[in-house]
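# Structure at a glance
One letter stands for each residue in the lines below.
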Amino acid sequence: MEDNLKEAYAIMDTAKTMPSLMTASAKFDLIATKYQDQWVAQYYSAYTKAIISYFESDVVKKDLYVDEADTYLNKIEEIGTNNDHVFVLKALLANARMAVDGEHRWQEYGPIFEENLKKAKEVNENNPQIYYLKAVSIFYTPKMFGGGAKKAKPYFEKAKEKYALMTERSVMVPYWGEPQNEDYLKQVNAD
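Presented here is a report on the structure given in the accompanying data block. (Residues numbered from 1 in each chain as written. Predicted model: local features only at pLDDT ≥ 70, side-chain atom pairs only at ≥ 80, totals over all residues. Heavy atoms only, no water.)

## So, the overall build of the protein chain
Across its full length, the protein chain holds nine helices and zero strands. Counting helices and strands in the order they occur from the N terminus, the protein chain gives α-α-α-α-α-α-α-α-α. Taking 2.2 N^0.38 as the reference for a compact globule, 191 residues should give roughly 16 Å; the C-alpha atoms of the protein chain span a radius of gyration of 16 Å, in line with that estimate. Along the first, second and third principal axes, the C-alpha set of the protein chain runs to 45 × 40 × 30 Å. Burial analysis of the protein chain (191 residues in total) assigns 49% to the buried set. Of all intrachain contacts in the protein chain linking residues separated by at least 6 positions in sequence, the fraction that spans at least 24 positions is 60%. Of the roughly 10,000 Å² that the protein chain leaves accessible, carbon and sulfur atoms contribute 52%. Side chains of the protein chain give 24 positive and 29 negative charges; the mean places of these two sets differ by 5 Å. (Helix = DSSP H or I, 4+ residues; strand = E, 2+ residues; numbered from the N terminus. Rg over C-alpha atoms; globule rule 2.2 N^0.38 Å. Buried < 20%, exposed > 50% of the residue type's maximum accessible area, 1.4 Å probe, protein only. Contact = heavy atoms within 4.5 Å. Areas by Shrake-Rupley, 256 points an atom, 1.4 Å probe, with all protein chains shown as cover. Lys, Arg positive; Asp, Glu negative; His and termini not counted. Charge placed at Lys NZ, Arg CZ, Asp CG, Glu CD.)

What follows is the structure in structure tokens.
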């Protein structure tokens, strides 16, 4: 399973286009089907669907991708895994729902996003994805509602510190987000 995950992750990690993401997603789905009792196999299928939803322009399709991600999340919950990575994934999926229609969904999904980041932090405050997701959320929140690059910068910096502390860089322990965090840091520092 780990070799298969590495192969699919390599495709996803370097994907710059929707077709590449779809290829990675299809590979993760096959792995998830084969290893239904492994939370990490389900995790990557859910994660990739959420990422695809951000790139999709059709609002209906965006929601359908997040629906598919929720299916894999439900399998993780059936397996009984409840670690910091699962809470981060739940926050990511709530954020993906908000990204479809933030104006009408922030009141429902904003608290779910925050609650799951809080739970992840209670389990493992050194998980950098907690701070990365929070930073991205603030970055894209309009300034008049307390967001923007300046407000997000401390969270991107905290994520960078936490990524530097990561000793295990294995596909079996999700570690996504570091290159994207660096890109955002360059952007906020340029402002």
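## Side note on the side chain of asparagine 83
Relative to the helices and strands, asparagine 83 is located in the loop between helix H4 (59-79) and helix H5 (84-100). Among residues more than four places away in sequence, those in contact with asparagine 83 are Trp39 and Val123.

## Considering the nonpolar core
Grouped together as the largest cluster of nonpolar side chains are 58 residues, with contacts concentrated most on Phe28, Leu89, Tyr132, Leu133 and Phe156. Per-element accounting of this core gives the leading share, 10 residues, to helix H3 (residues 39-55). Setting aside anything within four residues of it in sequence, one finds leucine 133 in contact with Val88, Ala91, Leu92, Phe113, Leu117 and Trp176. (Core = buried A, V, L, I, M, F, W, Y, C linked by side-chain atoms within 4.5 Å.)

## Re the layout of surface pockets
Of the pockets and cavities examined, the largest pocket occupies roughly 1,300 Å³. Tyr54, Asn95, Val136, Tyr140 and Tyr184 are, among the 39 residues lining the largest pocket, the residues nearest its centre. When residues of the lining of the largest pocket are traced back to their parent elements, those giving at least two are helix H1 (2-14), H3, H5, helix H6 (102-123), helix H7 (128-140) and helix H9 (178-190). Classifying every residue of the lining of the largest pocket by side-chain character gives 23 nonpolar, 10 polar and six charged. Lining the second largest pocket we find 14 residues, and of these Asn124, Asn126, Asn127, Pro128 and Met166 sit closest to its centre. A class-by-class count of the residues in the lining of the second largest pocket yields five nonpolar, six polar and three charged. (1 Å grid on protein atoms, 1.4 Å probe; cavity = no way out; pocket = protein on both sides within 12 Å on 5 of 7 lines; lining within 4 Å. Points joined across faces, edges and corners; volume = space filled by probe spheres on them. Nonpolar A, V, L, I, M, F, W, Y, C, P; charged D, E, K, R; others polar.)

## Focus: the pattern of salt bridges
Taken as a whole and judged by the stated rule, the model has 14 salt bridges. For aspartate 63, the salt bridge is made with arginine 97, and the minimal N-O distance between the two is 3.0 Å. Residue aspartate 63 is found in helix H4, and its partner arginine 97 is found in helix H5; the two are separated by 34 residues along the sequence. Its relative accessible area of 17% is what places aspartate 63 among the buried residues. Since its relative accessible area comes to 8%, arginine 97 is described here as buried. Taken together, the salt bridges that share partners define one network made up of Asp63, Asp67, Asp70, Arg97 and Arg105. (Salt bridge = Lys/Arg side-chain N within 4 Å of Asp/Glu carboxyl O.)

Bear in mind that shape data such as this cannot, by itself, settle questions of function.
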